[in-house]
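Tertiary structure, described
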Amino acid sequence: MLALTAINESRADSDFFKRMNARRTCRHFKSETPDLNAIVNCIRVAGTAPSGANSQPWFFALVTDPRLRADLRQAAENEEKEFYFKRASSEFLQDLAILKTNWQKPHLTEAGALIVVFSKTFNEVANEKKRCYYPRESTGIAVGMLITALHMAGFDMLTHTPSPMNFLNELLERPTTEKPFLILAVGARDRSVALPDISRKQLSGIMKFYGVEP
Ligand SMILES: Cc1cc2nc3c(=O)[nH]c(=O)nc-3n(C[C@H](O)[C@H](O)[C@H](O)COP(=O)(O)O)c2cc1C
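Computed from a predicted model, the values in this text were never measured in an experiment. (Residues numbered from 1 in each chain as written. Predicted model: local features only at pLDDT ≥ 70, side-chain atom pairs only at ≥ 80, totals over all residues. Heavy atoms only, no water.)

Observations regarding the overall build of the protein chain
Selection criterion: By the criteria applied, helices consist of DSSP H or I runs no shorter than four residues and strands consist of E runs no shorter than two, each listed in order from the N terminus. Only protein chains enter the calculation, and the probe is 1.4 Å; a residue is then buried if its accessible area is under 20% of its type maximum, exposed if over 50%, and partly exposed in between. For this analysis, residues touch if any pair of their heavy atoms sits within 4.5 Å.
The helix and strand tally for the protein chain stands at eight helices and six strands. Starting at the N terminus, the α and β elements of the protein chain follow one another as α-α-α-β-α-α-α-β-β-β-α-β-α-β. By principal-axis analysis of the C-alpha atoms, the protein chain measures approximately 55 × 50 × 35 Å. Considering the protein chain as a whole, with its 214 residues, one finds that 36% of them fall into the buried category. Long-range contacts, defined as pairs at least 24 residues apart, comprise 78% of the intrachain contacts of the protein chain with a sequence gap of at least 6.

Shown next as structure tokens:
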């Protein structure tokens, strides 16, 4: 019975697939205050992720303070200007063109809230530094679970990776043993702005059976 349910759930017409397939990155948000308790609950879900040797090497900063957000935007846009006008290869800029992104990052001050994710190289246990294992892989899994939880809770999101991101340690006063991983802008999409017209790979392009087929 369990196996049958699992197979049905993996079908393209399953409710769960349909809901996850409807997730889209949005870059323009309404200035609405989100339900912070609902966001905290999603962070709780992220904290159940598997991790290397159970080191749980993640930290989530839930940022709503307007002055801090203005500082984050200023610092991020400084880096983004460098990226768009100097550092980015022409190939990268071509690949980004369909997304219509530029150095301006209004979501940092306009989305309901920001979750800044850090990946920890060490945990502090009783004043002792304990190494974390596979921190980036573990944090990536936790962020995947966070995005799933936020989407299922009805939030819209943008995954933002300014490069470099060291300004996040400075502004959020996080130790250097925590590596900034990404910023997740969370809120409600401004539906007057169209989403980029992009597609996803078909199942046959991302998997292959090496045994029986269902
Ligand atoms: C690791 C990662 C980094 C990303 N960085 C950015 C970013 O810095 N700026 C941005 O506008 N979108 C960023 N995105 C969003 C992607 O462009 C987006 O997920 C992709 O175009 C697919 O669109 P979809 O999420 O609507 O399916 C990032 C996504 C991931 C997973």
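Following the structure, the description resumes.
Regarding the side chain of E80
Within the secondary structure layout, E80 lies in helix α4 (residues 66–87). Aside from chain neighbours lying at most four places away, what touches E80 is W103, K105, H160 and P162.

Things to note about the nonpolar core
Our working rule: Only buried residues count toward a nonpolar core, which is a set of Ala, Val, Leu, Ile, Met, Phe, Trp, Tyr and Cys residues joined through side-chain atoms within 4.5 Å.
Within the largest apolar cluster, 22 residues are counted, with the highest numbers of intra-cluster contacts made by I39, F60, I115, L146, L150, L184 and V186. When residues of this core are traced back to their parent elements, those giving at least two are α3 (36–46), β1 (58–63), β2 (113–120), α7 (135–152) and β6 (178–187). Among the elements that take part in this core, α7 stands out by supplying six residues, more than any other. Once you skip the residues sitting within four places of it in the chain, F60 turns out to touch I43, A46, I115, V116, V117, A142 and L146. Among the nonpolar cores identified, the runner-up in size contains 19 residues, and C26, A61, L168 and I183 belong to it.

Some thoughts on the sheet that holds β2
Using the following cut-off: Pairing between two strands is assigned when DSSP locates at least 2 bridges connecting them. What counts as an axis is a line fitted to C-alpha atoms, over the stretch in contact for a helix, and the angles between N-to-C directions run from 0 to 180 degrees.
Strands sit in the order β1-β2-β6-β5 across an open sheet of four strands; the sheet is antiparallel. One side of each edge strand has no neighbouring strand; the edge strands of this open sheet are β1 and β5 (156–160). Within the sheet, the average angular offset between the axes of one strand and its neighbour, ignoring direction, is 25 degrees.

So, α3
How we decide: Working note: the arc is built from the helix axis to C-beta atom directions.
Taken residue by residue, α3 has I39, C42, I43 and A46 as its buried positions. Within α3, the buried residues cover an arc of 105 degrees as seen down the axis, which keeps them to one side. Residues of α3 that are exposed and point over 90 degrees away from its buried face: N37 and R44. In this structure, the buried side of α3 is in contact with β1, β2, α7 and β6.

Some words on the site of the ligand
The following threshold applies: Only a single heavy atom is needed: when it lies within 4 Å of a molecule or strand, its residue is near that molecule or strand. Side-chain atoms alone can form a polar contact between residues adjacent in sequence; in general such a contact is a pair of N or O atoms within 3.5 Å, and within protein one must be able to donate a hydrogen while the other accepts it. Exposure was quantified through the Shrake-Rupley algorithm and a 1.4 Å probe, taking into account, for residues, occlusion by the shown protein chains and nothing else.
Lining the immediate environment of the ligand, one finds R23, R24, T25, R27, L99, T101, L158, T159, H160, T161, I198 and R200. Within the side chain of R24, a nitrogen or oxygen atom sits 2.6 Å from an oxygen atom of the ligand. Within the complex, the protein chains bury 64% of what would otherwise be the 620 Å² of accessible surface of the ligand.

What about the side chain of S55?
Residue placement: S55 occurs in the loop between α3 and β1. Accessibility expressed as a relative area gives 8% for S55, which makes it buried. There is a polar contact of 2.7 Å between the side chain of S55 and the backbone oxygen of G52.

Thoughts on the pattern of salt bridges
Selection rule: Each salt bridge in this description consists of a side-chain nitrogen of Lys or Arg and a carboxyl oxygen of Asp or Glu lying within 4 Å of one another.
Summed over the entire model, instances satisfying the criterion amount to six salt bridges. Across the salt bridge formed by R73 and E77, the nearest N and O atoms sit 3.0 Å from each other. With R73 and E77 both in helix α4 and four residues apart, this pair spans about one turn of that helix. For E77, a relative accessible area of 11% corresponds to the buried category. For R87, the salt bridge identified is with E79, shortest N-O distance 3.9 Å.

Describing the layout of surface pockets
Where we set the bar: Buriedness for pockets is judged along seven lines, at least five of which must meet protein on both sides within 12 Å for an open set on the 1 Å grid over protein atoms alone, while cavities are sets there where a 1.4 Å probe fits but cannot get out, and lining residues have an atom within 4 Å of a point. Grid points are joined across faces, edges and corners, and a volume is the space filled by probe spheres set on the points. Any residue that is not Ala, Val, Leu, Ile, Met, Phe, Trp, Tyr, Cys, Pro, Asp, Glu, Lys or Arg is counted as polar, Gly included; the first ten are nonpolar and the last four charged.
In this model, the largest pocket occupies a volume close to 660 Å³. Lining the largest pocket are 31 residues, with R27, Y84, T101, K105 and L158 sitting closest to its centre. Breaking the lining of the largest pocket down by element, the ones donating at least two residues are α4, α5 (90–97) and β5. Per-class residue counts for the lining of the largest pocket are 14 nonpolar, ten polar and seven charged.

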